[in-house]
Amino acid sequence: MSDKIPEGNRSARERLAQQREREKGREKRRRTLIVASAVVGVLALAAVVGLIAANAGKDDGGDTASGPAVAPSGAIGEDALTVPVGAADAPSTLTIWEDFRCPVCAQFETAFKDTITELADDGQVKVEYHLATIIDGNLGGTGSLRAANAAACAQDAGKFAAYHDVLFANQPPEPDDAYGKNSRLIELAGEVEGLDTPGFRSCVEDGEHDSWVKKSDTAFREGGFQGTPTVLLNGESVFPSKGDEQISPENLKKWVAAANKGKKPGTATPSTPADGSSAPADPSSAPAS
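Figured I'd write up the structure that's included with this text. (Residues numbered from 1 in each chain as written. Predicted model: local features only at pLDDT ≥ 70, side-chain atom pairs only at ≥ 80, totals over all residues. Heavy atoms only, no water.)

1. Description of the sheet that holds strand β1 (residues 83–85)
Next up, step 1: Taken in spatial order, the five strands of this open sheet run β1-β3-β2-β4-β5, and their pairing is mixed. Every other strand in the sheet has two partners, leaving β1 and β5 (236–237) as the edge strands with one partner each.
Next up, step 2: The sheet contact formed by strand β2 (residues 92–98) and strand β4 (residues 230–233) spans four bridges and is antiparallel. The partner of Leu94 across the bridge, within β4, is Leu233.
Next up, step 3: Against the sheet, helix α5 (residues 160–169) makes contact with β1, β2 and β3 (125–131), and its axis sits at roughly 100° relative to β1, the strand it touches most. (Pairing = 2+ DSSP bridges. Helix = DSSP H or I, 4+ residues; strand = E, 2+ residues; numbered from the N terminus. Contact = heavy atoms within 4.5 Å. Axes fitted to C-alpha atoms, helices over the stretch in contact; angles between N-to-C directions.)

This is how it looks when you write it as structure tokens:
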């Protein structure tokens, strides 16, 4: 008996194999589209959740800023409520309002942390962080306030960006007020080299920047923002979209490149003393009273 495959059967098998390869290709493309759509969907949902959170917190009757607001080292802007990261002379400014208990903020950080770090490191953007405490008002507890104070203490040590990332990477479930415990915030400082010092611990335990955080939250509520995260590129909202385009790492880079066309990258390093002092970086950052 011959072991040769009849020509007709060979052709049929080849067609079947080709059809299977085409189906695999279609399936791969379909999964890629599903993943991409899911990312966009999460960000769109995030914006809605942030809007609800902001509106729910407006009438929470919580504490308002009182007493001297001790700004962290290197804080800038009106009432020294801005924590800068990146070259001070970068051609574009990315303004971000966040709450460390806000799950939408954590989703945003997970999706965009690497992109924002790259843009800042390349001198393309100066990132200006502002802190809010809307989840405390919505769900009770003090985790938003306590975490924001700890982040300000990290800024005193010149380690805000690294500790900021650690807080979002370890964010507890929204109803869990784990960040209301200073011991947990000090424990997480151990993940940032050189941060867990007696000065940092004292700053956290004493709530040194509590009034500053409350003043920042007041500025958020009075600023007409829609929720956290609020993300502005040169003053224009880019979250969850800019015009008809959804935000994505690629689009954010594209928008920054367009804004920076013909401009030189920044090189100046912001002043963030690492000696634990609260000396302002410039006259505009003097603590408000």
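After that view, the rundown keeps rolling.
2. Focus: the layout of surface pockets
Next up, step 1: If you add up the space inside the second largest pocket, you get close to 270 Å³.
Next up, step 2: In this structure, the second largest pocket is lined by 20 residues; those nearest its centre are Val85, Gly86, Thr117, Ala120 and Asp121.
Next up, step 3: Contributing elements (two or more residues each) for the lining of the second largest pocket: α2 (103–121), β3 and α5.
Next up, step 4: Across the lining of the second largest pocket, the residue classes break down as nine nonpolar, seven polar and four charged. (1 Å grid on protein atoms, 1.4 Å probe; cavity = no way out; pocket = protein on both sides within 12 Å on 5 of 7 lines; lining within 4 Å. Points joined across faces, edges and corners; volume = space filled by probe spheres on them. Nonpolar A, V, L, I, M, F, W, Y, C, P; charged D, E, K, R; others polar.)

So, to be careful, I would describe these as geometric facts and stop short of saying anything about function.
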